[in-house]
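# Residue-level structure breakdown
Residue strings, one per chain:
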Amino acid sequence: MSPSSPPAQAPRRQLSVGQNQLSPHLLPTRKGSMTGLGVVFRPQLPPERLRAVARVADDVGLEELWLWEDCFREGGIATAAAALAWTERVRVGVGLLPVPLRNVALTAMEAASLHRMFPGRATLVVGHGVQDWMGQVGARAGSPLTLLGEHLDALRALLRGERLTVRGRYVSLDDVALDWPPERATPVLAGATGPRTLRLSGARADGTLLTASTSPDGVRQARQLIEEGAKEAGRGEPHQLVVHLLAATGADAEARLLAERVAEGLAPAADVGVAGDAGVVAAAVRRLAEAGADTVVLQPTGDEPDPEGFVRFAAEEVRPLVV
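Presented here is an overview of the structure given in this document. Just so it is clear, the structure is predicted and the values come from calculations on it, not from any experiment.

### A few points about the overall build of the chain
Along the chain, the regular secondary structure elements total ten helices and twelve strands. Residue burial in the chain is summarised as follows: out of 323 residues, 55% are buried. Partitioning the intrachain contacts of the chain with sequence separation of at least 6 by distance along the chain shows that 77% fall at a separation of at least 24.

Below you can see the structure in the form of structure tokens.
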């Protein structure tokens, strides 16, 4: 805790794991309005490249810049803080923070710090993480679904300024509250792919992030599963759905997209990813939006030759074609 005098403590609240703690402060859906558009800074790039990419994103009016916390590349919170500090307006998302690596109190402390220093500009997503990677660092959970549910419940409550005592299978807190909780609503998203995790996200998160291996039909199915989870939990609030879209442009776009699909184990003809000019990419964005995506994040291939140029392409050429 800070050596300075903390603000008045939040009232103590007992939180039993498994109990739904629902926030009244949720992300508004973009349905009926303009689809959100972003770009991923992939961690295949060295961290020192982030500053130039972030500044271009800010300068050209890109709405969202997304980062990954991939083992064993760049840390999500460190890169998000740097990107936010180097820019003035672009929103920065981290998709995602693997919960097996993080004590929930630490996640809450770091999230609250970002939200207070850069109000309204940070989006954090938590999720299972890649299980093989979690095993490599000795953090693989016996029940990833239980861990994620406990983490979501506690994290959202801490960010609301609540004082918690929790005795769960994975999350254990004894009279814990943040000295500096966020001053405004701070929705927490969950990364999800499988049916059980999608239902869990609908029940216990404020939004969901889908990977770039998700087709428009996959988005529709995910939206349905999320809604089922929300209904079972008695929730009726809007639920933000963010979807990554693998995208390539330029003379060798088709070849790079095909290589990426093969590397990810996707069928060459899978309805995943897009290669072409701004019109072709914008049409793919619209298909995902029509399927239920509120925000589409363009994910360049791992060998994208011009990351700054890709950001300009998204903001200046694709954005005007997406409504």
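Now that the structure is up, let's keep going.
### Observations concerning unusual backbone geometry
For the bond from cysteine 71 to phenylalanine 72, the omega torsion is 0 degrees, close enough to zero to count as cis. Secondary-structure assignment places phenylalanine 72 in the loop between β3 (64–67) and α2 (76–86). Residue glycine 95 is joined to leucine 96 through a cis peptide bond whose omega torsion reads 10 degrees. Tracing the chain through its elements places leucine 96 in strand β4 (residues 91–98). Phi is positive for aspartate 175, close to 55 degrees, though the residue is something other than glycine. Within the secondary structure layout, aspartate 175 lies in strand β7 (residues 172–176). A relative accessible area of 33% places aspartate 175 in the partly exposed class.

### Concerning helix α10 (residues 307–318)
If you check α10, its first and last C-alpha atoms are 15 Å apart, about what twelve residues at 1.5 Å a residue would give, namely 16 Å. Regarding α10, the residues found buried are Pro307, Glu308, Phe310, Val311, Phe313, Ala314, Ala315 and Val318. Structurally, α10 contributes buried residues whose contacts are with β2 (36–41), α1 (50–60), β10 (240–248), α9 (278–291) and β12 (295–300).

### Description of the side chain of threonine 35
Position of threonine 35 relative to the elements: it lies in the loop between β1 (12–14) and β2. For threonine 35, a relative accessible area of 6% translates into the label buried. Here valine 323 takes part through its backbone oxygen, which lies 3.2 Å from a polar atom of the side chain of threonine 35.

### Quick notes on the layout of surface pockets
Empty space within the largest pocket amounts to approximately 840 Å³. What lines the largest pocket is a set of 30 residues, among which Trp68, Asp70, Val130, Thr211 and Glu264 lie closest to the centre. Sort the elements by how many residues they give to the lining of the largest pocket and β4 lands first, with three residues. Within the lining of the largest pocket, the residues separate by chemical class into 13 nonpolar, eleven polar and six charged.

### Focus on the environment of valine 39
Note on placement: valine 39 falls in strand β2. Given the relative accessible area of 1%, valine 39 is considered buried. Placed 27 residues apart in sequence, valine 39 and tryptophan 66 show a C-alpha to C-alpha distance of 6.0 Å. Beyond its immediate sequence surroundings of up to four residues, valine 39 is in contact with Leu62, Glu64, Leu65, Trp66, Val297, Leu298, Pro300, Phe310, Val311 and Ala314.

### Remarks on empty space enclosed by the protein
Where empty space is left becomes clear once a probe the size of a water molecule has been rolled over the atoms. Taken as a whole, this structure holds two cavities of 30 Å³ or more when the rule is applied. A volume near 90 Å³ is recorded for the largest cavity. For the largest cavity, the lining is made up of 13 residues, of which Val40, Arg42, Leu45, Pro300 and Pro307 are closest to its centre. Listed by contribution, the elements that provide at least two residues to the lining of the largest cavity are β2 and α10. Residue classes in the lining of the largest cavity are distributed as nine nonpolar, two polar and two charged. If you add up the space inside the second largest cavity, you get close to 50 Å³. For the lining of the second largest cavity, the elements supplying multiple residues, two or more each, are α3 (104–117), β5 (122–127) and α5 (144–159). Considering each element in turn, the lining of the second largest cavity owes the most residues, three residues, to α3. For the lining of the second largest cavity, a count of residues per class yields eight nonpolar, three polar and no charged.

Rules and cut-offs
Residues numbered from 1 in each chain as written. Predicted model: local features only at pLDDT ≥ 70, side-chain atom pairs only at ≥ 80, totals over all residues. Heavy atoms only, no water. Helix = DSSP H or I, 4+ residues; strand = E, 2+ residues; numbered from the N terminus. Buried < 20%, exposed > 50% of the residue type's maximum accessible area, 1.4 Å probe, protein only. Contact = heavy atoms within 4.5 Å. Expected span 1.5 Å × (residues − 1). Polar contact = N/O pair within 3.5 Å; in protein donor to acceptor, adjacent residues only side chain to side chain. 1 Å grid on protein atoms, 1.4 Å probe; cavity = no way out; pocket = protein on both sides within 12 Å on 5 of 7 lines; lining within 4 Å. Points joined across faces, edges and corners; volume = space filled by probe spheres on them. Nonpolar A, V, L, I, M, F, W, Y, C, P; charged D, E, K, R; others polar.

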